[in-house]
Amino acid sequence: MTPTPPPDPLAKPIARGLTDSFGRVHDNLRISVTDRCNLRCVYCMPEQVRFMPRERLLSFEEIARFVAIVAPLGVAKLRLTGGEPLMRKDLDVLVRMLVAIPGIADLGLTTNGILLAPIAARLRDAGLERINVSLDTLDPERFERLARRKGLDDVIAGIHAAKRAGFDPIKLNAVVIRGFNEQDVVPLARFARELGLGMRFIEYMPLDAEHAWERDKVFLADEILDALAREVGPLAPAADQDPRAPALDYDYLDGGGRVGLISSISRPFCMSCNRLRLTADGKIRNCLFALEETDVRALLRSGDPAEAVERAVRASVAAKWEGHEINTARFVQPDRTMHSIGG
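The rules we used
- Residues numbered from 1 in each chain as written.
- Predicted model: local features only at pLDDT ≥ 70, side-chain atom pairs only at ≥ 80, totals over all residues.
- Heavy atoms only, no water.
- Pairing = 2+ DSSP bridges.
- Helix = DSSP H or I, 4+ residues; strand = E, 2+ residues; numbered from the N terminus.
- Contact = heavy atoms within 4.5 Å.
- Axes fitted to C-alpha atoms, helices over the stretch in contact; angles between N-to-C directions.
- Buried < 20%, exposed > 50% of the residue type's maximum accessible area, 1.4 Å probe, protein only.
- Right-handed = clockwise from strand over helix to strand, strands pointing away.
- Disulfide = S-S within 2.5 Å.

A. Here's a closer look at the sheet that holds strand β5 (residues 106–111). Spatially, β9-β10-β11-β8-β7-β6-β5-β4-β3-β12-β13-β14 is the arrangement adopted by the 12 strands of the open sheet, whose pairing is mixed. The strands lining the two open edges of the sheet, one partner per strand, are β9 (235–237) and β14 (294–295). On the sheet, helix α7 (residues 221–231) packs against β7 (170–176), β8 (198–203), β9, β10 (248–252) and β11 (258–262) and is oriented at approximately 160° with respect to β11.

See below:
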């Protein structure tokens, strides 16, 4: 019998991680649990919308099975999104299921905060670690015009409840639209500093239902930085910047907190992207702006083995394009709006 040769120390190991053709390793999964929302933000969804029937949504058990399949492939960081994820009843039950899966090291939630106050402590007790609250203005009238609903007081109450529950970090996310709420950049930054919250500003992206996005409406990251440095305090790039994070982080020189800038338009970060998305109806999207999806709901419901789901996920990641091409004439806005994709 011929002896098995020793392993070649120079041989390239077989990759178990989710790596695309550009060498980007994907370890971050955003999970939409519902397309329903109690707001109608103009940059996210239409005023009139027909939501998915319940039977199309993945169950908690199906979501947990999917995560258990991709966790051994290197997925370690999860974020629950919507729609508004807190509209999914008993979300803390799903949180407990996900944090118990081996390999999951980080679980966060993005919410508009309106329903947060009553459930914040339950979510924290279940094992949720981090919360991002979407808040684009502190002005009640502009809030209602942007969200097409009332609710600012409830959002503020939810933020305070999250602080009492012990969430750390808590970050505020604000989409800035020129001619609408750029005057809110400074008040939001000051509000975040006063409460010890992280603050992230997001350039306006073309994911709205009415296709009203125009490049001239994008209030650029450099303009945001200039306003903050001029009216709040000088900033410097964070020393512990995560090169694969979507936000470029800056610290106030007086030690008064941190600001992140998600500049998808002026500084695309596609080549460092490590994220994939699972929609509420069980489709894998390898990019926020993807034009094609991979259906894993059918695999999860048909009793197919885990290897079939793994192959589908690997194929989706392998097919990921170089970038979203917003800054080219080739850009095509996806049919799904943000509330249906998952934030």
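From this point, the discussion proceeds with the structure in view.
B. Representation of the pairing of strand β4 (residues 77–81). For β4, the tally of buried residues reaches four of five residues, placing the bulk of the element in the interior. Following the chain from strand β3 (residues 28–32) across helix α1 (residues 60–70) to the adjacent parallel β4, one finds a crossover that is right-handed. Here β4 runs beside β5; their pairing, made up of four bridges, is parallel. Counted as the bridge partner of Leu80 is Leu109 from β5.

C. Quick look at the state of the cysteines. This model, assessed by the stated rule, comprises zero disulfides. Free cysteine: Cys270, not disulfide-bonded; nearest cysteine sulfur from Cys287 at 6.2 Å. On the accessibility criterion, Cys287 (12% relative accessible area) is buried.

D. Summary view of helix α6 (residues 185–195). Of the residues making up α6, those classed as buried are Val185, Val186, Leu188, Ala189, Phe191, Ala192 and Leu195. Those residues of α6 that are buried are in contact with α5 (152–165), β7, β8, α7 and β10. Of the residues one or two after α6, Gly196 is the one with positive phi, at around 70°.

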